[in-house]
Amino acid sequence: MPVPLPPKSRPLLRRYVRQPWTAAARRSPALRRWCDQHGYVTPHFSWREVGGNDGTPVPRRLRKNAIRHCRRLELFRHRLGDVAVSIDGPYRTPARNRAVGGAARSRHIEADASDHYLQQVDRWIRQSPKLRSRADVVRIAEQTFVAVGNETSGTLHVDSRPGKVGSVRFVTWAAGR
């Protein structure tokens, strides 16, 4: 569920909530305050959703990473055709990361990565006229995130680590669907 819309008396802020992928929205202190007041990182991603599956909140020192990642998720969501995107694999503590068999240097422990189950990827394809296959989703992800891939878990992993967009790729599931 997205953040509530601001009152009609705040038309610019309403536009930023509706179009959070824009550069102006990303720079807006008013949007940052509005989201914070309502428990959101960005208009479509709450701090609760970004926090660990075990209820662990994102540590304050990692919040900038989570904000950067959610801003990219907003752009990704828009590029997919404004379909609903949820985070299936959010922030992990180092202990949780070890417990789930995550990579030793997983970006999940830096709060700038998310996983999206294959069922969700296939739903995006069904819902968006912009998408025909998983390959389309991967192409858009590579144009939006620094790293795109998955292991053998049937998830799409995207992250916003420092670096050039599209510079890390490790997709192994068949994108031909």
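Look a little higher up for the structure.
What comes next is a walk through the structure. (Residues numbered from 1 in each chain as written. Predicted model: local features only at pLDDT ≥ 70, side-chain atom pairs only at ≥ 80, totals over all residues. Heavy atoms only, no water.)

Considerations on the packing of aromatic side chains
Each aromatic ring pair is described using two quantities: the centre-to-centre distance and the angle formed by the ring planes.
Here's step 1: The tally for this structure, following the rule as stated, stands at two aromatic pairs.
Here's step 2: Measuring from centroid to centroid gives 5.5 Å for Phe-76 and Trp-124, while their planes differ by 80°, and the two rings are edge-to-face. Taken together, the positions of Phe-76 in helix α5 (residues 63–79) and Trp-124 in helix α7 (residues 118–127) put the pair 48 residues apart, joining distant regions of the chain. Per residue, the accessibility class of Phe-76 equals that of Trp-124, and both read buried.
Here's step 3: Pairing Phe-76 with Phe-145 gives two aromatic rings, centres 5.2 Å apart and planes at 70°, and the pair type is edge-to-face. A residue pair is termed long-range when its members are at least 10 positions apart, and Phe-76 in helix α5 and Phe-145 in the loop between α8 (134–142) and β4 (147–149) qualify at 69 residues. Summarising the burial analysis for this pair, Phe-76 and Phe-145 share the class buried. (Phe/Tyr/Trp six-rings, centres within 6.5 Å; stacked < 30°, edge-to-face > 60°. Helix = DSSP H or I, 4+ residues; strand = E, 2+ residues; numbered from the N terminus. Buried < 20%, exposed > 50% of the residue type's maximum accessible area, 1.4 Å probe, protein only.)

Notes on the nonpolar core
The nonpolar side chains of a soluble globular protein tend to be buried, and buried together.
Here's step 1: If you look at the biggest cluster of nonpolar residues, it comprises 29 residues, and the most contacted ones within it are Val-50, Val-58, Phe-76, Leu-80, Trp-124, Val-137 and Leu-156.
Here's step 2: At the level of elements, α4 (47–50), α5, α7, α8 and β5 (155–159) are the ones that each hand at least two residues to this core.
Here's step 3: At five residues, the largest contribution of residues to this core is made by α5.
Here's step 4: Once you skip the residues sitting within four places of it in the chain, Val-137 turns out to touch Phe-76, Leu-80, Val-121, Trp-124, Ile-125, Leu-131 and Leu-156.
Here's step 5: In this structure, Leu-13, Ala-25, Leu-31 and Trp-34 belong to the second largest nonpolar core, which totals nine residues. (Core = buried A, V, L, I, M, F, W, Y, C linked by side-chain atoms within 4.5 Å. Contact = heavy atoms within 4.5 Å.)

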